[in-house]
Amino acid sequence: KNQSAFRRVVVNPKDVMLPGVVVVSFNVLVLTAWQSLSPLQYKKEYKLTTFDRFGRATDLVGTCETQEGDVPYVVFLAALLFINFVALVFANVEAYKARSVMTEYSESLYVGYAMAALLQCFVISVGPLLLIQSTAASFLFRAMFVLASSTTVLCFIFIP
């Protein structure tokens, strides 16, 4: 009875590559605009708290900053976050649609788990990243986000 409603769907490599090429193109476009409109400059600042035996400051803090009057980096960062968040949501929707597709090795279930875990890492980390003002704490949190998201994806892909 239901057999007549089913049909075979063939996914071509072009169908899979098109969204990937679009996302990478948008990322390259935003990063190129960022570099041309508001390039980051490395600035060194000596902290006058500790000195060596010759009276020179020994603590040096370096940061990358935009020049005064340039487009704020937050605009480009928000554009990158938006593009990649939309791509991640789109991938999660597609993984949800394909959740019942049976394959020979049944890897679609674990790819769906990896995508959901990546979405959770992304959503959970946005708030603290916006609230953290300290440079060291921000760096530590970003490093922990990269570690958590990449380890989660790799574990779901390689361990099962």
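You'll find the structure just up there.
First, a word on scope: everything that follows refers to the structure included in this document. (Residues numbered from 1 in each chain as written. Predicted model: local features only at pLDDT ≥ 70, side-chain atom pairs only at ≥ 80, totals over all residues. Heavy atoms only, no water.)

**Section: the pattern of salt bridges**
Side chains bearing opposite charge may pair, as long as their charged atoms lie close to each other. Overall, the coordinates contain one salt bridge when judged by the stated rule. The shortest N-O distance in the salt bridge between K43 and E65 comes to 3.8 Å. Placement of the pair is K43 in strand β1 (residues 40-51) and E65 in strand β2 (residues 57-66), with a sequence separation of 22 residues. (Salt bridge = Lys/Arg side-chain N within 4 Å of Asp/Glu carboxyl O. Helix = DSSP H or I, 4+ residues; strand = E, 2+ residues; numbered from the N terminus.)

**Side note on helix α3 (residues 108-131)**
Between its first and last C-alpha, α3 extends 36 Å over 24 residues, near the 34 Å set by a 1.5 Å rise per residue. The axis of α3 is deflected most strongly, by about 30°, at S125, and proline P128 appears within four residues downstream. Inspection of α3 places G112, A114, M115, A117, C121, F122 and S125 among the buried residues, and these make up the whole buried set. Of the surrounding secondary structure, the elements contacted by the buried residues of α3 are α2 (73-97) and α4 (135-158). (Expected span 1.5 Å × (residues − 1). Bend = angle between axes of the 7 residues up to and from the residue. Buried < 20%, exposed > 50% of the residue type's maximum accessible area, 1.4 Å probe, protein only. Contact = heavy atoms within 4.5 Å.)

**Describing the environment of T50**
Topologically, T50 is positioned in strand β1. Look past the residues within four positions of T50 in its chain and what remains in contact with it is R56, A57, T58 and D59.

**Some words on the nonpolar core**
Counting five residues, the largest nonpolar core consists of V30, W34, F76, L80 and I83. If you list the elements that add at least two residues to this core, you get α1 (13-37) and α2. It is α2 that contributes the most residues to this core, three residues altogether. Sequence-distant contacts of V30, that is, excluding residues within four places in its chain, are made with F76, A79, L80 and I83. (Core = buried A, V, L, I, M, F, W, Y, C linked by side-chain atoms within 4.5 Å.)

**Describing the pairing of β2**
Direction of pairing for β1 relative to β2: antiparallel, over a ladder of nine bridges. Of the residues in β2, the one forming a bridge with Q41 is E65. Between β1 and β2, which follow one another and run antiparallel, lie five residues, and G55 among them has a positive phi close to 85°. (Pairing = 2+ DSSP bridges.)

**Focus: the packing of aromatic side chains**
If you walk through the whole model with that rule in mind, you get three aromatic pairs. Measuring from centroid to centroid gives 5.2 Å for F85 and F122, while their planes differ by 25°, and the two rings are stacked. Linking F85 in helix α2 with F122 in helix α3, this pair joins segments that are 37 residues apart in sequence. (Phe/Tyr/Trp six-rings, centres within 6.5 Å; stacked < 30°, edge-to-face > 60°.)

**Observations regarding α1**
End to end, α1 covers 36 Å across 25 residues, agreeing with the expected 36 Å (1.5 Å per residue, within 8%). Burial in α1 covers these residues: N27, V30 and W34. Buried residues along α1 sit against β1 and α2.

**Describing the environment of S125**
Mapped onto the elements, S125 comes out in helix α3. For the pair S125 and M144, spaced 19 residues apart in the sequence, the C-alpha separation amounts to 9.7 Å. Only 3.0 Å separates the side chain of S125 from the backbone oxygen of C121, close enough to count as a polar contact. In terms of polar contacts, S125 uses its side chain to reach the backbone carbonyl oxygen of F122, at 3.2 Å. (Polar contact = N/O pair within 3.5 Å; in protein donor to acceptor, adjacent residues only side chain to side chain.)

**Regarding the side chain of S149**
As for its position among the elements, S149 is in helix α4. According to the relative accessible area criterion, S149 is buried, its value standing at 10%. Among the polar contacts made by the side chain of S149, one reaches the main-chain carbonyl oxygen of F145 at a distance of 2.9 Å. Non-local contacts of S149, meaning those with residues more than four positions away in its chain, are made with L118 and C121.

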